[in-house]
Amino acid sequence: MIGITIAAAITLLVIVGVLFVNFSPEFGGKSSPEKMESFKKTGHFEEGIFVNLIETNLDMSFGKMVSTMQQMIKGSPNKRPTFDIPVQHVDSMTLVQNTKTELIWFGHSAFLLQMEGMNILIDPMFGDVPAPHPFLGQSRYGKSLPISIEKLPQIDAIIISHDHYDHLDYGSIQKLKGKTKMFYVPLGVGAHFESWGIDKSAIVELDWWGDVSLNNLKFTFAPSRHFSGRGLTDRNTTLWGSWIITSEKENIYFSGDGGYGPHFKEIGEKYGPFDLAMLECGQYNDNWSEIHMKPEESAQAGKDVNAKKIMPIHWGAFTLSLHTWTDPVERIIKKANELNVEVITPIIGEPIFIGKDAPDYHQQWWIPKAK
């Protein structure tokens, strides 16, 4: 009877899992066969999947799996904050009245950008857990966001770097779609938005080096060295990348996710210099170093793209790797100082201005204040 009970329980779990993967809206949609066929024209879509500009191994060897398991078992005493991290809350009226270029960081890689009188959301993951179900991940560090989705102003555009859960959140998009005019996404990612009830006319898909203009702003989608996928069978069926946002006066770079590579110098040569580069700096490990930069590489990437200032992102909100939660910011500051690159470390929710008169944003907010 015990054996039968265990077998029945396992069978039930498998059935629930299959139903969840196939019918839960969080997993998004799939591009049509005709659209998949058109991806071949890009030059980086082979045998049904997108590929990186340079060889990138996504498969973990047996040795790496053992190493990762050992690190997980050993654990780290500082993988999450042991105190309430500071979050500066934003008055919705100040956003409506603002006329300057301003960024608001929500932690990890999510931003509100106000530029040329427009409101742009970058990778707006505002949910509590970066996973298709709350049981499948750990919650956000902060107890609250700088401002709720409901209090955000009308959004002119949302731009997405790739379709991983910590960058593209179904629940957030459901709350945002009624107040957002346009969605600029990588090739293939539009299928997710269509499946979530967003009209095709509001979705623009871009290939690497493609661009689109919105009033006085230009958005250019550039390469990164990463991968994509939301389910068990859709790895690399959508594209990933980084974003360049340009006005007549300012130039901003957002790296998205990815490992270090020669694409940073190419981006710098083609589109630099940048007033600010927001660079992935967190969730790295020796066992997946090709798809996530280490902090020292993030600092070098800032120099490669010719950024006047850099800001470490992809940290400060979630634990998705095995390093301590403060390791990214501590290491990137050390390396950037060696390279003579200025790093800014604003508090989550703090207004970030760019230009020569901007504050220095050098507060070490990740260090708890003595009581």
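Relevant structure appears above.
Heads up: these notes are all about the structure in this document. In this text, all values refer to a predicted model and were calculated from it rather than measured experimentally. (Residues numbered from 1 in each chain as written. Predicted model: local features only at pLDDT ≥ 70, side-chain atom pairs only at ≥ 80, totals over all residues. Heavy atoms only, no water.)

## What about the packing of helix α8 (residues 295-304) against helix α9 (residues 327-339)?
Where α8 meets α9, the closest approach of the two axes is 8 Å, and the angle between their N-to-C directions is 45°. In terms of orientation, α8 and α9 fall into the oblique class. α9 is crossed by α8, and the crossing has right-handed handedness. Seen from α8, the contacting residues are P295, E296, S298, A299, Q300 and K303; seen from α9, they are D327, P328, R331, I332, K335, A336 and L339. Split into classes, the residues belonging to the contact of α8 with α9 amount to six nonpolar, two polar and five charged. (Axes fitted to C-alpha atoms, helices over the stretch in contact; angles between N-to-C directions. Helix = DSSP H or I, 4+ residues; strand = E, 2+ residues; numbered from the N terminus. Parallel < 35°, antiparallel > 145°, perpendicular 65-115°, else oblique. Left-handed = near helix turned anticlockwise from the far one by under 90°. Contact = heavy atoms within 4.5 Å. Nonpolar A, V, L, I, M, F, W, Y, C, P; charged D, E, K, R; others polar.)

## Looking at the sheet that holds strand β7 (residues 180-186)
Across the sheet, which stays open at both edges, the seven strands sit in the order β8-β7-β6-β5-β4-β3-β16 with mixed pairing between neighbours. In this open sheet, the two strands that pair with only one neighbour each are β8 (203-206) and β16 (351-353). Here the strands of the sheet are splayed against their neighbours by 20° on average, with no regard to which way each runs. Relative to β7, strand β6 (residues 155-159) runs parallel, the two being bridged by four bridges. Each bridged residue has a counterpart across the sheet, and for I158 the counterpart in β7 is F183. (Pairing = 2+ DSSP bridges.)

## Notes on the pairing of strand β10 (residues 217-222)
Across a regular strand the side chains alternate sides, sitting on one face of the sheet and then on the other. Buried residues dominate β10, accounting for five of its six residues. Sheet topology note: the strand β9 (residues 210-214)/β10 ladder contains five bridges and is antiparallel. Across the sheet, S213 pairs through a bridge with K218, a residue of β10. Hairpin connection between β9 and β10: a loop of two residues separates the two successive antiparallel strands, and N215 in this loop has a positive phi of roughly 55°. Where β10 meets strand β11 (residues 242-246), five bridges bridge the pair, whose relative direction is antiparallel. (Buried < 20%, exposed > 50% of the residue type's maximum accessible area, 1.4 Å probe, protein only.)

## Looking at the pattern of salt bridges
According to the stated counting rule, one finds twelve salt bridges in the structure shown. The partner of K218 in a salt bridge is D211, and the shortest N-O contact between them spans 4.0 Å. Here E266 ties to K270 by a salt bridge, and the two come within 3.2 Å at their closest N and O atoms. Of this pair, E266 and K270 are both found in helix α7 (residues 263-271), four residues apart, which corresponds to roughly one turn of the helix. In this structure E266 comes out as partly exposed when scored by relative accessible area, which is 30%. (Salt bridge = Lys/Arg side-chain N within 4 Å of Asp/Glu carboxyl O.)

## What to know about unusual backbone geometry
Cis rather than trans, the peptide bond between G272 and P273 has omega equal to 0°. Relative to the helices and strands, P273 resides in the loop between α7 and β13 (276-280). Within the chain, E47 stands out as a residue other than glycine whose phi angle is a positive 55°. Among the structural elements, E47 can be located in the loop between β1 (45-46) and β2 (49-50). Taking the relative accessible area as the measure of exposure, E47 reaches 86% and is therefore exposed.

## Quick word on the side chain of T237
Locating T237 in the fold gives a position in the loop between β10 and β11. In contact with T237, other than residues within four places in its own chain, are M36, F39, G48, F50 and S228.

## Comments concerning the pairing of strand β5 (residues 118-122)
Counting buried residues in β5 gives five out of five residues, a clear majority hidden from the surface. Across the two faces of β5 the burial is the same, with M118, I120 and I122 and N119 and L121 all buried. Here strand β4 (residues 111-115) pairs with β5 via five bridges, running antiparallel. Residue pairing across strands places L112 opposite L121, the latter belonging to β5.

## Here we look at the nonpolar core
One finds W105, F111, Y184, F219, M278 and M311 to be the most contacted residues of the largest nonpolar core, which totals 47 residues. Ignoring sequence-local partners within four residues, the contact set of Y184 consists of A157, I158, I159, I160, V204, L206, V212, S213, L214, F219 and W243. Ranked by size, the runner-up nonpolar core spans 27 residues in total, among them I147, I149, V189 and W196. (Core = buried A, V, L, I, M, F, W, Y, C linked by side-chain atoms within 4.5 Å.)

## With respect to α8
In an α-helix, one full turn covers 3.6 residues, which means residues spaced three or four apart are oriented alike. Every buried residue of α8 is listed here: P295, S298, A299, A301, G302 and D304. Tucked into the core, α8 has its buried residues touching α7, β13, β14 (309-313) and α9. In the segment just after α8, N306 is the residue with positive phi, at about 65°.

## Structural notes on the packing of aromatic side chains
The final tally for this structure, using the stated rule, is 24 aromatic pairs. Of the aromatic side chains, those joined through ring pairs into one cluster are F83, W105, Y141, W315, W325, W365 and W366. When the ring centre of F353 is taken as origin, the NZ or CZ atom of K100, which lies over that ring, is 5.7 Å away. If you follow K270 out to its NZ or CZ, it ends over the ring of W209, 3.8 Å from the centre. (Phe/Tyr/Trp six-rings, centres within 6.5 Å; stacked < 30°, edge-to-face > 60°. Lys NZ or Arg CZ within 6 Å of the ring centre and 35° of its normal.)

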